[in-house]
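An overview of the molecular structure
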Amino acid sequence: MKAEAIAEAQDIPHKFLESILNDMRRGGLVLSQRGGNGGYRLARPAESISVADVIRVVDGPLVSVRGVRPPELSYTGPAESLLPLWIALRSNVREILDGVSLADVASARLPAEVSALSDAPGAWVNP
């Protein structure tokens, strides 16, 4: 597909989308072709590209604290329990985002575990 068509269909500014597509191209998730029949296509089947894959190539690590990945952190004293907290958070974020493919998103069929989390009482409420 042409970037212009994607931008229009998703109501995304074209330049912003081009930046994302370039990141995805550099990350090996999409292929690009120049010319009149050019555009972008997935580098592999949508079922094999997770949402986590996209986030990692566009934004970097899924979870960081002050720009640092959790295993590189250290705490002492009363804050010592923060490290396993960040590791647990990262584990859960990975489980969800690695478990949802672009095909799932495109078909509007999220895995049951993800749907259950979004259906939980309070899930849509900001504290």
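Read on for a plain summary of the structure. (Residues numbered from 1 in each chain as written. Predicted model: local features only at pLDDT ≥ 70, side-chain atom pairs only at ≥ 80, totals over all residues. Heavy atoms only, no water.)

**Digging into the pairing of strand β1 (residues 30-33)**
Inspection of the sheet shows β1 paired to strand β2 (residues 39-42) by four bridges, in the antiparallel sense. Directly across from glutamine 33, in β2, lies its bridge partner glycine 39. The turn linking β1 back onto β2 is made up of five residues, and glycine 35 within it adopts a positive phi angle of 105°. (Pairing = 2+ DSSP bridges. Helix = DSSP H or I, 4+ residues; strand = E, 2+ residues; numbered from the N terminus.)

**Overview of the packing of helix α3 (residues 51-59) against helix α4 (residues 82-98)**
Between α3 and α4, the shortest axis-to-axis distance is 6 Å and the interhelical angle comes to 115°. As judged from the angle between their axes, α3 and α4 are roughly perpendicular. Contacts between α3 and α4 involve Val51, Ala52, Ile55 and Arg56 on the former and, on the latter, Arg94, Leu97 and Asp98. Classifying every residue of the contact of α3 with α4 by side-chain character gives four nonpolar, no polar and three charged. (Axes fitted to C-alpha atoms, helices over the stretch in contact; angles between N-to-C directions. Parallel < 35°, antiparallel > 145°, perpendicular 65-115°, else oblique. Contact = heavy atoms within 4.5 Å. Nonpolar A, V, L, I, M, F, W, Y, C, P; charged D, E, K, R; others polar.)

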